[in-house]
Protein chains: 2
Amino acid sequence: MLTKKELKEYCENARENYLPHISIDCVVFGFHEGLMKVLLLKVKNEGGWYLPGGFLLKPEPIEMAANRILKERTGLDEIFLQQFHVFGDPERSKEHFEMYKDLLPAKENWFTNRFLTIGYYALVDFCDVNPTPDQFSATCSWCDLNDLPEFKLDHALILKTALDTLRLQLNYQPIGYNLMPKEFTMPELQKLYETILDKKLDRRNFQRRMLGFGILNRLEKPRKGGAHKAPYLYSFDLENYKAALTEGFKGGW
Amino acid sequence: MLTKKELKEYCENARENYLPHISIDCVVFGFHEGLMKVLLLKVKNEGGWYLPGGFLLKPEPIEMAANRILKERTGLDEIFLQQFHVFGDPERSKEHFEMYKDLLPAKENWFTNRFLTIGYYALVDFCDVNPTPDQFSATCSWCDLNDLPEFKLDHALILKTALDTLRLQLNYQPIGYNLMPKEFTMPELQKLYETILDKKLDRRNFQRRMLGFGILNRLEKPRKGGAHKAPYLYSFDLENYKAALTEGFKGGW
DNA sequence: AATGATAGTGTATTACTGACACAAGAGTAA
DNA sequence: TTACTCTTGTGTCAGTAATACACTATCATT
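Residues numbered from 1 in each chain as written. Chains lettered and ligands numbered in written order. Predicted model: local features only at pLDDT ≥ 70, side-chain atom pairs only at ≥ 80, totals over all residues. Heavy atoms only, no water.

Caption draft 1: Looking closely at helix H4 (residues 155–169) of chain A. All names here are of chain A. The end-to-end C-alpha separation of H4 is 21 Å, in line with the 21 Å expected for 15 residues at 1.5 Å each. Turning to H4, its buried residues number three or more, namely His 155, Ile 158, Leu 159, Ala 162, Leu 163, Thr 165, Leu 166 and Gln 169. Projected down its long axis, H4 carries its buried residues within an arc of 160°, all on one side. For H4, the elements touching its buried residues are strand S1 (18–32), strand S2 (35–43), strand S3 (49–50), strand S5 (80–87), strand S6 (116–123) and helix H5 (186–197). (Helix = DSSP H or I, 4+ residues; strand = E, 2+ residues; numbered from the N terminus. Expected span 1.5 Å × (residues − 1). Buried < 20%, exposed > 50% of the residue type's maximum accessible area, 1.4 Å probe, protein only. Arc of directions from axis to C-beta. Contact = heavy atoms within 4.5 Å.)

Caption draft 2: Inspection of the protein's contact with DNA strand D at higher detail. Around DNA strand D, a shell composed of 20 residues is seen, among which Arg 203, Arg 204, Arg 218 and Tyr 232 of chain A together with Arg 204 of chain B lie nearest. A breakdown of the atoms of DNA strand D within 4 Å of the protein gives sugar and phosphate a share of 41%. A distance of 2.8 Å is found between a base nitrogen of DNA strand D and a side-chain nitrogen or oxygen belonging to Arg 203 of chain A. Note that a base nitrogen of DNA strand D is positioned 3.1 Å from one of the side-chain N or O atoms of Asn 205 of chain B. Only helix H6 (203–213) of chain A together with helix H6 (203–212) of chain B provide two or more residues apiece to the surface near DNA strand D. Among the residues forming the surface near DNA strand D, the class breakdown is four nonpolar, five polar and 11 charged. (Near = heavy atom within 4 Å. Polar contact = N/O pair within 3.5 Å; in protein donor to acceptor, adjacent residues only side chain to side chain. Nonpolar A, V, L, I, M, F, W, Y, C, P; charged D, E, K, R; others polar.)

Caption draft 3: Up close: the environment of Thr 139 of chain A. Residues and elements named next belong to chain A. Tracing the backbone shows Thr 139 in strand S7 (residues 137–144). A sequence separation of 99 residues divides Thr 139 from Leu 40, and the C-alpha atoms of the two residues are 8.1 Å apart. Filtering out sequence-adjacent residues up to four positions away, Thr 139 remains in contact with Leu 40, Leu 41, Lys 42, Trp 49 and Pro 133.

Caption draft 4: Broad picture of the pattern of salt bridges. All names here are of chain B. A full pass over the atoms with the stated rule returns 32 salt bridges over all chains. Close ionic contact of Glu 9 with Lys 5 constitutes a salt bridge, the shortest N to O distance being 3.6 Å. Pair noted here: Glu 9 and Lys 5 are both in helix H1 (residues 4–17), with a separation of four residues, about one helical turn. Here Glu 9 falls in the exposed class, since its relative accessible area comes to 51%. A residue is classified by how much of its surface remains accessible, and Lys 5, at 62% relative accessible area, is exposed. Here Lys 71 makes a salt bridge to Asp 77, at a shortest N to O gap of 3.0 Å. For Asp 77, a relative accessible area of 52% gives the class exposed. (Salt bridge = Lys/Arg side-chain N within 4 Å of Asp/Glu carboxyl O.)

What follows is the structure, given as structure tokens:
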């Protein structure tokens, strides 16, 4: 929560530069040590967590805004982003309304307005991210998808919708290029799928199917160093991967 | 295109009642005589066609706004609606900007603002629709999907995106309840699928697969009156249909 | 009663999915 | 060095779904 002074400054700036009534919230998925992670922010002097988000500059394309916001929170450029839903319940920002309504008159108070928020989800390589709080936040950090904190506003719903969308997309799009390091083993990739879907998959069938998609290159060298049989390393075949992204897998009719 | 007087009145009302910078555009699909149809509007004194659209009342949920807009254009309540994308290119309303910029000063000119538009597609029973122009339009009518006119703004893109989404959804959701009359024959339903997908399907395999979904009831009576063998009539099993809508078909992992 | 057009249905082939088991490699410890 | 353990790589078989294809049934018309 902002102090009155901070609020006032922020609102003046926001009214000047941002489109009113529209915000962007991003669900940033990462994958680390076999666990699915989401990037979250904890606001100063408030309980509850937020998704990284922000506003749209008046002349800015939406996707560019999402990229800008994520660049600020992660340090990353060129993030894989997918717009998935607009959340527009008139009551969705009620908490903010209650919190800020007494600090500034409605007319100049950015946060007592209604906001529609455009939901994006992002897939990123966990290790590349440098979580950076925004000016409202005390903390920006990865949270385990299995162990989520309390959310503010409707951010739990946004996260759930993103996850549902991701799971659905898994069925007709390749995924992983943005979540895995350049080189990885088949068991590691399987773990990613298992984590996203929250279920066990058969090792042999997973491999067969995955290879069947034709988006993987097996590298010559295996991964050394483990205490067991050295697994092969794979990388994505970018060309086929992108083709699969646009055309989708098989898919019925 | 509006006259100056009309524009002025409209803008005053709009500023008062609608959220700025946000619009809704609907792609209304219907199916008639074996052809896929889209509901379009032709504005007075302008070349080119628009999708039915409108704005969001300040306290109104998005979905309700889409319903309200479609109720006005079609006479229908309770339309099947699916939000599919937000279009936000800052240049997307350039045509409007050029058209209206000289009529009113920017400050009070609703139409020279930037608009993000939320795209919904709707599936309706062609025969139930009573196409009704809005106050800007001379004509509201069904157009054949294979024979589309010139569009204004980015409405060709919006339509294409809607169609792509619909085709994709065909693979994991039932469709047809909203597009077909209550009772229909298997060949008629097949024709719907063929029309949406723009490709021929095998009669026998289509039937087997469709019945396999378990969302159809075969009625006792056949359709009489044709010059040929009387086909069976089917209706959708609402309960199973809705279950399939939420759970999706099979779907991979 | 023969014709023409369309509807209903069965079957063989192939591809895919899911369940399962065994062999190979790499380190570890005797 | 050898046996052991853990993990990876791969083959097979059965059940299921997808594809391709051809015949019979029915109605209206002549």
